[in-house]
Amino acid sequence: MADSESRMPRHIVRLLLIFAIGGAIALIARILFQDKSYGRYGIYRGDAVAEIAADEPMYQGPGYCQSCHAERHAEWTAGIHKVVVCETCHGAAAKHPSAKAAVTVDLAGKSTRVRIAGERLEHIKLAIPADSVKLCTLCHEKMPGRPAAQKQIEVSSHAGGQQCIVCHNPHSPKIGAAGAQKAGKPGDAAAGRKKAAACAACHGAEGVSGNPEWPSLAGQQRGYLAGALLAYKSGARPDPMMSAQAKGLSEADIGDLAAFYSDASCKAAGSKSSAQLASAGKAKAAACASCHGAEGVSGNPAWPSLAGLQEAYLVNALKAYQSGARRNPMMAGLAKGLSEAEIGQLAAYYAGLKCK
Amino acid sequence: MKWKIGEHRPDRRRLLRLLGRAFVYAGTALFSVGLMGRRGLAAAIPALAGTGYDWTKHRWGFGIDATRCIGCLRCVEACKTENGVSRDAHHFRTWVERYVYLKGEKAPRIDSQADPGNIAASGSETEYRFDNRYRDAKVEKAFFVPKLCNQCEHPPCVQVCPVGATFRTPDGVVLIDHDYCIGCQYCVQACPYGARSFNPKHEVTDKCTWCYHRITRGLKPACVEACPVDARIFGDQNDPESPISRFIRENRVQVLQPAMGTSPNVFYVGIEKEVV
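Quick look at the structure, then. Please read all numbers here as calculations on a predicted model, not as lab measurements. (Residues numbered from 1 in each chain as written. Chains lettered and ligands numbered in written order. Predicted model: local features only at pLDDT ≥ 70, side-chain atom pairs only at ≥ 80, totals over all residues. Heavy atoms only, no water.)

**Observations regarding helix α15 (residues 251–263) of chain A**
Residues and elements named next belong to chain A.
Moving on, step 1. Look at α15: 18 Å from first C-alpha to last across 13 residues, which is about the 18 Å you get at 1.5 Å a residue.
Moving on, step 2. Among the 13 residues in α15, ten count as buried, and that is most of the element.
Moving on, step 3. Along α15, the residues classified as buried are Asp253, Ile254, Gly255, Asp256, Leu257, Ala258, Ala259, Phe260, Tyr261 and Ser262. (Helix = DSSP H or I, 4+ residues; strand = E, 2+ residues; numbered from the N terminus. Expected span 1.5 Å × (residues − 1). Buried < 20%, exposed > 50% of the residue type's maximum accessible area, 1.4 Å probe, protein only.)

**Topic: a nonpolar patch on the surface**
Moving on, step 1. A surface patch of nonpolar side chains, amounting to about 460 Å² of accessible area, comprises Leu15, Leu16, Ile18 and Phe19 of chain A together with Leu18 of chain B.
Moving on, step 2. The element contributing the most residues to the nonpolar patch is helix α2 (residues 10–33) of chain A, with four residues.
Moving on, step 3. Of note, Ile18 of chain A is situated in helix α2. (Patch = residues over 30% accessible without salt bridge, like charges linked within 9 Å, V, L, I, M, F, W, Y side chains within 5 Å. Areas by Shrake-Rupley, 256 points an atom, 1.4 Å probe, with all protein chains shown as cover. Salt bridge = Lys/Arg side-chain N within 4 Å of Asp/Glu carboxyl O.)

**Some thoughts on the interface of chain A and chain B**
Moving on, step 1. In this complex, chain A contributes 60 residues to the contact, which on the side of chain B involves 74 residues.
Moving on, step 2. Here chain A and chain B share an interface that buries about 5,500 Å² over both sides, 58% of which is from carbon and sulfur atoms.
Moving on, step 3. Taken together, the links from chain A to chain B amount to six salt bridges.
Moving on, step 4. Between Arg217 of chain B and Glu56 of chain A there is a salt bridge, and its shortest N-O distance comes to 3.5 Å. (Contact = heavy atoms within 4.5 Å. Buried area = accessible area lost by both parts, 1.4 Å probe.)

**Concerning the sheet that holds strand β1 (residues 60–65) of chain B**
All names here are of chain B.
Moving on, step 1. Spatially, the three strands line up as an open sheet ordered β9-β1-β10, and their pairing is mixed. Looking at strand neighbours, the two that pair on one side only are β9 (232–236) and β10 (266–269), the edges of this open sheet. In this sheet, neighbouring strand axes are inclined to one another by 20° on average, regardless of whether the strands run parallel or antiparallel.
Moving on, step 2. Sheet topology places β1 next to β9; five bridges connect them, and they run antiparallel. Along β9, the bridge assignment pairs Trp60 with Asp236.
Moving on, step 3. Along the sheet, helix α8 (residues 243–250) makes contact with β1, β9 and β10, crossing β9 at roughly 115°. (Pairing = 2+ DSSP bridges. Axes fitted to C-alpha atoms, helices over the stretch in contact; angles between N-to-C directions.)

**Thoughts on the environment of Ser112 of chain B**
Residue and element names in this part refer to chain B.
Moving on, step 1. For Ser112, the location among the structural elements is in strand β3 (residues 109–112).
Moving on, step 2. Between the alpha carbons of Ser112 and Ile248 there is a distance of 26 Å; along the sequence they are 136 residues apart.
Moving on, step 3. Dropping the residues within four chain positions of it, Ser112 is found in contact with Trp95, Val96, Glu97, Asn118 and Phe130.

**Quick word on the packing of helix α13 (residues 222–234) of chain A against helix α14 (residues 240–247) of chain A**
Residues and elements named next belong to chain A.
Moving on, step 1. Packing of α13 against α14 brings their axes to within 8 Å, and their N-to-C directions diverge by 95°. Relative to α14, the element α13 lies roughly perpendicular. The segment α13 lies against α14, with Leu229, Tyr232 and Lys233 engaging Met242, Ser243, Ala246 and Lys247.
Moving on, step 2. Taken together, the residues of the contact of α13 with α14 sort by class into four nonpolar, one polar and two charged. (Parallel < 35°, antiparallel > 145°, perpendicular 65-115°, else oblique. Nonpolar A, V, L, I, M, F, W, Y, C, P; charged D, E, K, R; others polar.)

**Quick word on the nonpolar core**
Moving on, step 1. Of all hydrophobic cores here, the largest spans 56 residues; its most connected members are Phe62, Val96, Val145, Leu148, Trp210, Tyr212 and Tyr268 of chain B.
Moving on, step 2. Filtering out sequence-adjacent residues up to four positions away, Tyr268 of chain B remains in contact with Ile64, Val145, Pro146, Lys147, Leu148, Asn150, Arg252, Val253, Gln254 and Leu256 of chain B.
Moving on, step 3. Counting residues in each nonpolar core, the second largest holds 17 residues, with Leu217, Ala228, Ala246 and Leu257 of chain A among its members. (Core = buried A, V, L, I, M, F, W, Y, C linked by side-chain atoms within 4.5 Å.)

**Focus: the state of the cysteines**
Residue and element names in this part refer to chain A.
Moving on, step 1. With the rule as written, the count across this model stands at one disulfide over all chains.
Moving on, step 2. Here Cys266 engages in a disulfide with Cys355; their sulfurs sit 2.0 Å apart. Looking down the S-S bond of the Cys266 and Cys355 bridge, the torsion is 115°, so its handedness is right-handed. With Cys266 in the loop between α15 and α16 (275–284) and Cys355 in the segment after α20 (340–352), this pair connects stretches of sequence that are 89 residues apart.
Moving on, step 3. Not engaged in a disulfide, the cysteine Cys86 finds its nearest cysteine sulfur in Cys65; these two sulfurs lie 3.8 Å apart.
Moving on, step 4. Just so you know, Cys164 is unpaired, no disulfide at all, and the nearest cysteine sulfur is the one on Cys136, 3.8 Å from it.
Moving on, step 5. The exposure class assigned to Cys164 is buried, which follows from its relative accessible area of 14%. (Disulfide = S-S within 2.5 Å.)

This is the structure:
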């Protein structure tokens, strides 16, 4: 028995043997099955890094759009929305443009590597946002928690249920002209009365014009009058008669004249067209009410009242917006869709309304 | 029993000697494996060499300026699209929380885009927007806080992974190898920030990668690209003139739950103590 005494007990030998076999199997398995790149950089599969880095970017960035949509891109770059990248509103541009329809790709099924990708939507055809109210209010709805620096609106009272892009260009949304005109010096109505002598021949002594094509000024919005005169003076609103008249006016003159005319009591020009025409115009005018007032008297000092203006003048103005002779981003969009008949109806309606 | 307790037994000594030797061998073997693991850390990734990207040269960092965030959630949308994250209200690589302190209440009310009220406002689980529930409330203070993976210097999620499926790269991003992930979700439990989520469809864990496929191409992460108000700042901490280095230098920044010892690489400005 001395022999067996000097040897290791059998159960220990067995145990060690099992360990050794287990170890050997593990080693073989490691050689056979473990990825070659495992442990190359650390305790992980080195190739995984390059695989993750190989994903194709979906967002291409605004620079990508420039080559094909140069005009849109230039407009956007010049405007205040250049902080909102194109793809925020239009969706990711990977694979755009392409003839194929939008497809949903489940990458897990496509790749040998298990990729976590539920649905990666590839917008081959980019979306034109259908509902701008939904889109724009994401960033502009007045909400506690939004920093004051972000311009916010009370949606219900600001837009009156209209699509935002009726008035705002989504690529350059700031309404510059109308906004700027609102400000301006208060002006002195008494001084304005004296300066208005030069205007009486065409606009009437008290701002009520007798000529069917020349507008009355009495009772018009003060900010709008000042803005219009500034626009004639600068050439932004060219007109053979008014450009010359406005050239000599100083800013103080303009403020005084605007004060005088806006305080003067107005007299509606009236319409000579049929009542039928005017009532057809009334139905169309619903689209105008949010800016020009329900009864043609604007609530915004920078926007003109239309009630009681000369019928022929209204027709000319709308046609001027249509042709581009008179420029205004809001009116251009609205006038574009009007037919000749509709313009006549609207003019008949507004000319016949009582001004304030 | 051939022997009694206390009796001299030469066998036992031999066994001890043997075990001692085994320990030394095993130790040496483990040590060399360990060395093997370290090897190559200083090298660029060969597969990415073509792009000129060298991961030893960068140390990415991320900043959040909560005073600027408007809660538009375009970052969440961009992240979902860019990374193919499941289109539902339960899986997010990045998200935004709203903190509202009402007059007379001590604790803030907190919600995120995954809140049922906000899902109702957006119209579906695949779109994201905050509702206006506090419009008429007496709000003392309110702000939005974008959240994402902190890409910790000492990531607890990496420590607990039993299969080496998640790791931290030398340029400072914690990634997941979805091939090796077994879906045990230890890492989901381990993350103190709730930055990881489990994808039941593919049975793997998912997390923010700072858009590793973009930053290695010189692009910004998609959420940073989409943010219209610069509430998200990204850059290379090795470059003193990068946006993130400036952000850290010019602001009094803080990290989330510093006591956890994780050393996050996402730096916040303009948050309250309730934000964790």
